[in-house]
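For reference, the chains in residue letters:
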Amino acid sequence: IDALRGFDMFWILGASSLVHGLRPISDAGWLNAIADQLEHVPWSGFHFYDLIFPLFVFLVGASSVFSLTKIVEREGKSAAYIRLFRRAALLYLIGLFYYGGVSRDGSPEMFRFVGVLQRIAFCYLVGGLLFLNLRLRGMIVSCALLLLGYWAMMAFIPVPGFGAGNYEEGKNLANYLDTHYLPGFKWDGDWDPEGLLSNLSAVGSGVLGIFAGMILINNNLTPARRIYSFLALGAGCLLAGWLWGFQFPINKKLWTSSFVLFAAGWSYLLVALFYTVIDVLKFSRWAQPFVWIGMNSITIYMLTNIIDFQGLVRRVIHQQMLTAMGA
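Computed from a prediction, not measured in an experiment: that's the story for all the values here.

Enquirer: Sorry, what's going on with empty space enclosed by the protein here?
Expert: Under the definition given, this model contains 2 cavities of 30 Å³ or more. Empty space within the largest cavity amounts to approximately 40 Å³. What lines the largest cavity is Val57, Val60, Gly61, Ser64, Cys123, Tyr124, Gly127, Gly128, Gly206 and Ile210. Taken together, the elements giving at least two residues each to the lining of the largest cavity come down to helix 3 (52-75), helix 5 (116-133) and helix 8 (199-217). The class makeup of the residues in the lining of the largest cavity is 5 nonpolar, 5 polar and no charged. Put simply, the second largest cavity is a space of about 30 Å³. Forming the boundary of the second largest cavity are Ala174, Asn175, Asp178, Asp192, Gly195, Ser198, Lys253 and Leu254.

In structure tokens:
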């Protein structure tokens, strides 16, 4: 889990900038194809770079199984609740600080009340509460209700001036609610990609990750059974998300239910790959840098607000290009 989380963070820290920086000096078609995948789609659709955030939420759910289970066994469920609420509150407050607090114009109205860290905090809190209080069947039902409930609201609640079931930018229910009811700074002008309503489906991403953690922690399963389970869940989620996408488009900025399933499908397959290579085949030395990044992911994410890692990568590539041209 730590290695995969570090691999996920690796692309934020500058790996994507490295690929984009090489693009001007290479005519390789494969490099251009990779570079295209390292950009977010403008609205509906799916690129590899759209997987970064939902994969992280998925892994938060998976890792919470281990941490909360240990606390319950050692100190009881009350201690687990305390840790859950305390860590979620801390993550949310860090998120407010990360996005500048009142630094934009000095007024509390300019807080970004939603954002990446705030969404992680919410998914961690709600997913943890579900894990501590429900059995597997109850969690499956809860996840289904979250995804179906979000879809039903988006599909059947009419938006003034645009009607129901409209998923275009600025014309859908999630954007409408952000425009009229979300205070503070919004990332996309009148609405936010981590807005109010899509938190419902985002919790589903965390719960699907919890299922992966439950598979990993289950000592009754053989390594082969774990791998088969991840592969089956991955293929099933990919197919379900793709099919649902014909009616409810795969869209990261709306965090649609089809997007949740499609991203979770890739997440399960990546967990299967990393588990097979690192835990089963014991080929792990290559992953140590990713493990270190993964174990310090929040700290490193905060540093990206202070240190322009991607700018450093671009500067190094630019300098190498100048040197090559001078030579």
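Enquirer: What is the right way to read unusual backbone geometry from this model?
Expert: Glycine aside, residues mostly have negative phi, and peptide bonds are mostly found in the trans state. Residues other than glycine seldom take positive phi values, yet tryptophan 255 does so here, at roughly 50 degrees. Its location among the elements puts tryptophan 255 in the loop between helix 9 (223-244) and helix 10 (257-280). Judged by its relative accessible area of 0%, tryptophan 255 falls in the buried class. Of note in this structure, lysine 282 is not a glycine but carries a positive phi near 60 degrees.

Enquirer: How do you make sense of the packing of aromatic side chains when you look at a structure like this?
Expert: The description of two aromatic rings rests on the distance between their centres and on the angle between their planes. What the rule picks out here adds up to 21 aromatic pairs. Relative to phenylalanine 248, the ring of tyrosine 150 has its centre 6.0 Å away and its plane inclined at 55 degrees; by these criteria the two rings are tilted. In this pair, tyrosine 150 sits in helix 6 (residues 136-156) while phenylalanine 248 sits in the loop between helix 9 and helix 10, placing the two residues 98 residues apart along the sequence. Relative accessible area serves as the criterion here: at 0%, phenylalanine 248 is assigned to the buried category. Their ring planes at 80 degrees and their centres at 5.4 Å tell us that tryptophan 151 and phenylalanine 156 sit as a pair that is edge-to-face. A relative accessible area of 22% means that tryptophan 151 is categorised as partly exposed.

Enquirer: Which parts of the structure should I look at to understand the packing of helix 3 against helix 10?
Expert: Between two packed helices, both the angle of their axes relative to each other and the distance between the axes serve to describe the pair. Between helix 3 and helix 10, whose axes approach to 9 Å, the crossing angle comes to 65 degrees. Between helix 3 and helix 10, the crossing angle belongs to the class labelled roughly perpendicular. Helix-helix and strand crossings are classified by hand; for helix 3 and helix 10 the assignment is right-handed. Every residue of helix 10 that contacts helix 3 at Pro54, Leu55, Phe58 and Leu59 is listed here: Phe259, Ala263, Ala264, Ser267, Tyr268, Leu270 and Val271. Its residues assigned to classes, the contact of helix 3 with helix 10 comprises 10 nonpolar, 1 polar and no charged.

Rules used in this analysis
Residues numbered from 1 in each chain as written. Predicted model: local features only at pLDDT ≥ 70, side-chain atom pairs only at ≥ 80, totals over all residues. Heavy atoms only, no water. 1 Å grid on protein atoms, 1.4 Å probe; cavity = no way out; pocket = protein on both sides within 12 Å on 5 of 7 lines; lining within 4 Å. Points joined across faces, edges and corners; volume = space filled by probe spheres on them. Helix = DSSP H or I, 4+ residues; strand = E, 2+ residues; numbered from the N terminus. Nonpolar A, V, L, I, M, F, W, Y, C, P; charged D, E, K, R; others polar. Buried < 20%, exposed > 50% of the residue type's maximum accessible area, 1.4 Å probe, protein only. Phe/Tyr/Trp six-rings, centres within 6.5 Å; stacked < 30°, edge-to-face > 60°. Axes fitted to C-alpha atoms, helices over the stretch in contact; angles between N-to-C directions. Parallel < 35°, antiparallel > 145°, perpendicular 65-115°, else oblique. Left-handed = near helix turned anticlockwise from the far one by under 90°. Contact = heavy atoms within 4.5 Å.

Everything listed here is a matter of geometry and, on its own, says nothing about what the molecule does.
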